[in-house]
Amino acid sequence: QVQLVESGGGLVQAGGSLRLSCAASGSIFSLKRMGWYRQAPGESRELVAELTQGGTTNYADSVKGRFTISRDNTKNAAYLQMNSLKPEDTAVYYCNAAATVMGNLYLYDYWGQGTQVTVSS
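It should be emphasised that the depicted structure is a prediction, and the values quoted were computed from it without experimental measurement.

Conventions adopted
Residues numbered from 1 in each chain as written. Predicted model: local features only at pLDDT ≥ 70, side-chain atom pairs only at ≥ 80, totals over all residues. Heavy atoms only, no water. Helix = DSSP H or I, 4+ residues; strand = E, 2+ residues; numbered from the N terminus. Buried < 20%, exposed > 50% of the residue type's maximum accessible area, 1.4 Å probe, protein only. Contact = heavy atoms within 4.5 Å. Disulfide = S-S within 2.5 Å. Polar contact = N/O pair within 3.5 Å; in protein donor to acceptor, adjacent residues only side chain to side chain.

Undergrad: Kindly report on the overall build of the chain, identifying the contributing residues and their values.
TA: Helix and strand counts for the chain stand at zero helices and eleven strands. If you list the helices and strands of the chain from N to C, you get β-β-β-β-β-β-β-β-β-β-β. Viewed in the frame of its principal axes, the chain has a C-alpha envelope of about 50 × 25 × 25 Å. Put simply, the chain has 121 residues, and 42% of those count as buried. Sequence-distant contacts in the chain: of pairs separated by 6 or more residues, those separated by 24 or more amount to 56%.

Okay, here's the thing in structure tokens:
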């Protein structure tokens, strides 16, 4: 009942920047948390950054100081500004949201389909 659509991925050279966007839609009652995960080839999916409704952030150590997560609560959208990109940032990036839908207060996790980020060396 909640759909997440990512955009903004692409190919960039090391040191460059990208901004990922995630748009949430559907019968949303509350977006408790929105975040970004990534999965590199041969690796497990890992948390990159998350932002709670209350404003608490959490970043992977590898991206601290380079990536910034933000959200627009009025638009049910999340963003990931990625600066000083490194080849090791190459991965499929997934938007994630913990949300309740109208008529049901159970908190579910929702995922987007992912967007490819490739950083060339």
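Undergrad: Describe the state of the cysteines, naming the residues involved and giving the relevant values.
TA: On inspection of all chains with the given rule, the structure shows one disulfide. Note on cysteine connectivity: Cys22 is disulfide-linked to Cys95, with sulfurs 1.9 Å apart. With the S-S bond torsion at -80°, the cross-link from Cys22 to Cys95 turns out left-handed. Taken as a pair, Cys22 in strand β3 (residues 18–26) and Cys95 in strand β9 (residues 91–101) lie far apart in primary sequence, 73 residues in all. Residue classification places Cys95 among the buried residues on the basis of a relative accessible area of 0%.

Undergrad: Help me get a handle on unusual backbone geometry, residues and values and all.
TA: One non-glycine residue, Asn76, lies in positive phi territory at about 50°. Inspection of the secondary structure puts Asn76 in the loop between β7 (67–72) and β8 (77–82). Here Ser84, not a glycine, exhibits a phi torsion of approximately 50°, which is positive. With respect to the element layout, Ser84 can be found in the loop between β8 and β9.

Undergrad: A description of the environment of Arg71 should follow, citing residues and the corresponding values.
TA: Among the structural elements, Arg71 can be located in strand β7. Of the residues examined, Arg71 reaches a relative accessible area of 16% and is grouped as buried. Through-space distance from the C-alpha of Arg71 to that of Gly112 is 16 Å; in sequence the pair is 41 residues apart. Within the structure, Arg71 has its side chain in polar contact with the backbone oxygen of Leu51 (distance 3.1 Å). Side-chain polar atoms of Arg71 contact the backbone oxygen of Thr52, separated by 3.5 Å.

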